[in-house]
Each structure stands twice: as C-alpha cells, then as structure tokens.
Amino acid sequence: KQWYQRRVRGVRDRTMNAEQYDAFGQSASGTSSLHPSDAVKMQQAVQQIEMAVQIQTQMDIIKHMNETCFERCIHKPSSSPLGNSERQCIAKCMDRFQDGLKVVNQTIMQRQKEEQMAAHDSAGMGL
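All chains use their own residue numbering, which begins from 1 and follows the written sequence. Local features in this predicted model are restricted to residues of pLDDT 70 or higher, and side-chain atom pairs are both shown and tallied only at a pLDDT of 80 or more, whereas totals for entire chains, interfaces and linings draw on every residue. Note that the side-chain values use all heavy atoms of the structure and ignore hydrogens as well as water.

### Re the overall build of the protein
Within the protein one finds three helices and zero strands. For the protein, the sequential pattern of α-helices and β-strands runs α-α-α. Across the 127 residues of the protein, 17% fall into the buried class. The contact rule is simple, with two residues in contact once any of their heavy atoms fall within 4.5 Å. Taking as baseline every contact in the protein between residues at least 6 positions apart, the subset at least 24 positions apart corresponds to 44%. Only DSSP runs of H or I covering at least 4 residues are called helices, and only runs of E covering at least 2 are called strands; the numbering of each starts at the N terminus. Think of it in three bands: residues with accessible area under 20% of the maximum for their type are buried, residues over 50% are exposed, and the middle band is partly exposed, with areas taken using a 1.4 Å probe on protein chains only.

### Remarks on the nonpolar core
Membership of the largest hydrophobic core is limited to nine residues, which are I61, M65, C69, C73, I74, I90, C93, F97 and L101. Where this core is concerned, the elements lending two or more residues are α2 (36-73) and α3 (84-124). Discounting chain neighbours no more than four positions away, the residues touching I90 are C73, I74 and L82. Among buried residues, those of type Ala, Val, Leu, Ile, Met, Phe, Trp, Tyr and Cys that are joined through side-chain atoms within 4.5 Å constitute a nonpolar core.

### What about the environment of R72?
With respect to the helices and strands, R72 occurs in helix α2. Along the primary structure R72 and E86 are separated by 14 residues, whereas in three dimensions their C-alpha atoms are 9.4 Å apart. Setting aside its immediate chain neighbours within four residues, R72 contacts C89 and C93.

### Brief notes about the side chain of T68
Take T68: it is sitting in helix α2. For the purposes of these results, a polar contact is taken to be a pair of N or O atoms within 3.5 Å, where, inside protein, one atom must be able to donate a hydrogen and its partner to accept one; residues adjacent in sequence count only when each atom of the pair is a side-chain atom. Only 2.8 Å separates the side chain of T68 from the backbone oxygen of H64, close enough to count as a polar contact.

### A short note on the state of the cysteines
Disulfides are covalent bonds that connect the sulfur atoms of two cysteines. By disulfide we mean two sulfur atoms from cysteines, separated by a distance within 2.5 Å. With the rule as written, the count across this model stands at two disulfides. With its sulfur 2.1 Å from that of its partner, C69 forms a disulfide with C93. In this structure the cystine formed by C69 and C93 twists about its S-S bond by roughly -85 degrees; its chirality is therefore left-handed. Taken together, the residues span a long stretch of sequence, with C69 in helix α2 and C93 in helix α3 at a distance of 24 residues.

### Comments concerning α2
The terminal C-alpha atoms of α2, which comprises 38 residues, lie 55 Å apart, in line with the 56 Å expected from a rise of 1.5 Å per residue. Turning to α2, its buried residues are A39, T57, D60, I61, M65, T68, C69 and C73. A helix's residues, less one, multiplied by 1.5 Å, set its expected span.

### Points about a nonpolar patch on the surface
Together, M51, I55 and M59 line one region of the surface with nonpolar side chains, adding up to about 300 Å² of accessible area. Along the chain, M51 falls in helix α2. Only residues above 30% relative accessible area that lack a salt bridge enter a patch, with like-charged residues linked at up to 9 Å and the nonpolar side chains Val, Leu, Ile, Met, Phe, Trp and Tyr linked at up to 5 Å. Here the Shrake-Rupley method, with its probe set to 1.4 Å, supplies the accessible areas, and only the displayed protein chains count as covering residues. Within this document, salt bridges are pairs made up of a side-chain nitrogen of Lys or Arg and a carboxyl oxygen of Asp or Glu, the two lying within 4 Å of each other.

### Description of the confidence of the model for the protein
Summarising the model, the protein shows a mean pLDDT of 78, and 69% of its residues fall at 70 or more. The element-level mean pLDDT for the protein is lowest in helix α1 (residues 2-17), coming to 54, with α3 highest at 90. The quantity known as pLDDT measures the predictor's confidence residue by residue, on a range of 0 to 100. Taken together, the stretch residues 14-18 has pLDDT below 50 and engages in three contacts with residues farther than four places along the chain or on a different chain.

Spelled out as structure tokens, the structure:
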C-alpha cells in the first residue's frame, strides 16, 4: 500500500508540476511561444507519455502484487499443481491487495477533486 501511494504521488506530482498548454500554445502563466500545430503535437505527446506512465504503473502494481502474494502463500515451490489452501491464499491476498488499491485510488481522486475545487474557489476570489 505504501509502495503504491509513493508511486502514485510521484506520478501525480510530476504531472501537476508540468506546465499545461491549451490548443494555441498558451500556458497557464500566459506565455506563448508555440505555433498552434506544435502545441497540439505537444499535447498529444504529453497525453501519450501520461498513458505510458499509467500503463507502466499498472504493470508495476501487478508485478508487486504477484511477488507479495507469492511470498505469502507459496511456501514450497514445486512442479506439482497448487494445493487448495495455496489457491485460496493467493485469491484472498489478491483480493485484499485490490481492495487496498481501490481505497488508495478513491482517496487520491477525492483529494485531487478537493484541490481542484479549492484552486477554482481561490481563482474566483482573485487570489
């Protein structure tokens, strides 16, 4: 859980600190030096990078879940099929892991929503 929180927080911080541009190359700070077609290309590139980061993050989560559940549930690796208790352990471990991820994701989304609302409120007040 802590590993996933650190990973998501790092990705979120990197994307939140990145300058955002509109379709005309206008940044949030009001500067513009991009041709509109370059701005569109840059937005597409940023979206592709964000998608790649999300995919890599999901792959890392699955890998971490597999490693964790294997270590907890498989005590004597062998060539024979998994026993009933091992299968049940793995299923429960993966369920707990996914439940934890769901809670973490909901918390992150709630905090982002609150931050956006606070930023919107402060922008509306001229701060």
